[in-house]
Amino acid sequence: MRTSAVALLILLLPFSAFSQTTIFSSGDAGYFLYHSDNLLPITEDEDISFHYGGSVGVEMPLSEDFMVRMEAAFFRTGTTTLFDNILIASPPSFTITTRSATLVQRTFPVDISLSPRTAAGLSYAAGISFAYTNRRTEFPFQSGMDPFIDAFNSFGIGVNGSIRSMFAVDDDGRFLLFGALKLRYIHTVLYEGNGRDLSGYTLEYFHGHCSVGLAWRLW
């Protein structure tokens, strides 16, 4: 038993010199620099632009020179496009009603990135991203019936890059406040269309967002 404990201690000693695992969470808000849905007729009057959400993650030592950062997030975006419908009751009289069609995108990205180890509060990271997306569009009916709903799910891959600055808020340096800027590009590779043919549709986007959050160093 003592031999096993000594062997485990010997294995952990090289890592203990630079081990500093950190868990973190943040609130996020950002802007789409490009979104393929902005080329569609439904976004002709109102582009998909801003999004908001949050994220949680962990950063662990990978070697003496690099940290690995794993982050799971959620963000929501969408648009509401107005339509003016002219309904002719009995010529020459008519009435004008206004309806709205809504498009909502809910995305759950996971980022895995590498960050060079640094003693300074400023760090940067880059890596790969995976994203699961639910896209839902609702078109109202003229007669007041339930709206027509067009929804499907998709899975995409891409890349990410970020810059982060952290500040200790306690004397031990274990609790930190941080701000970050991240860029992410996603291209969808798989669609779950519930029997629909989505071969002519492409979902891809490039966006950036700012994050403000809290972090806790475990050791």
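What comes next concerns the included structure. (Residues numbered from 1 in each chain as written. Predicted model: local features only at pLDDT ≥ 70, side-chain atom pairs only at ≥ 80, totals over all residues. Heavy atoms only, no water.)

Focus on the side chain of Thr43
Thought 1: Relative to the helices and strands, Thr43 is located in the loop between strand S1 (22-35) and strand S2 (50-61).
Thought 2: Of the residues examined, Thr43 reaches a relative accessible area of 0% and is grouped as buried.
Thought 3: Polar side-chain contacts of Thr43 include one of 2.7 Å to the backbone oxygen of Asp37. (Helix = DSSP H or I, 4+ residues; strand = E, 2+ residues; numbered from the N terminus. Buried < 20%, exposed > 50% of the residue type's maximum accessible area, 1.4 Å probe, protein only. Polar contact = N/O pair within 3.5 Å; in protein donor to acceptor, adjacent residues only side chain to side chain.)

Examining a nonpolar patch on the surface
Thought 1: Taken together, the side chains of Ile23, Val169, Phe175, Leu177, Val212, Leu214 and Trp216 define a hydrophobic patch exposed on the protein surface, amounting to about 650 Å² of accessible area.
Thought 2: Listed by contribution, the elements that provide at least two residues to the nonpolar patch are strand S7 (175-192) and strand S8 (204-217).
Thought 3: It is S8 that provides the largest number of residues to the nonpolar patch, a total of 3 residues.
Thought 4: Relative to the helices and strands, Ile23 is located in strand S1. (Patch = residues over 30% accessible without salt bridge, like charges linked within 9 Å, V, L, I, M, F, W, Y side chains within 5 Å. Areas by Shrake-Rupley, 256 points an atom, 1.4 Å probe, with all protein chains shown as cover. Salt bridge = Lys/Arg side-chain N within 4 Å of Asp/Glu carboxyl O.)

As for the pattern of salt bridges
Thought 1: A full pass over the atoms with the stated rule returns 7 salt bridges.
Thought 2: The shortest N-O distance in the salt bridge between Glu59 and Arg69 comes to 2.8 Å. Residue Glu59 is found in strand S2, and its partner Arg69 is found in strand S3 (residues 66-88); the two are separated by 10 residues along the sequence.
Thought 3: The residue Arg184 makes a salt bridge to Asp111 at a minimum N-O spacing of 2.7 Å. Separated by 73 residues along the polypeptide, Arg184 in strand S7 and Asp111 in strand S4 (residues 94-116) bring together distant segments of the chain. With respect to burial, Arg184 and Asp111 carry one shared label: buried.
Thought 4: Through salt bridges with shared partners, a single network forms among Glu71, Asp111, Lys182 and Arg184.

Focus on the environment of Tyr34
Thought 1: Considering the arrangement of structural elements, one finds Tyr34 in strand S1.
Thought 2: On the accessibility criterion, Tyr34 (34% relative accessible area) is partly exposed.
Thought 3: Residues Tyr34 and Ser49 lie 15 residues apart in sequence; the distance between their C-alpha atoms is 8.5 Å.
Thought 4: Ignoring any residue separated from it by four or fewer positions in sequence, one finds Tyr34 in contact with Leu39, Glu204, Tyr205 and Phe206. (Contact = heavy atoms within 4.5 Å.)

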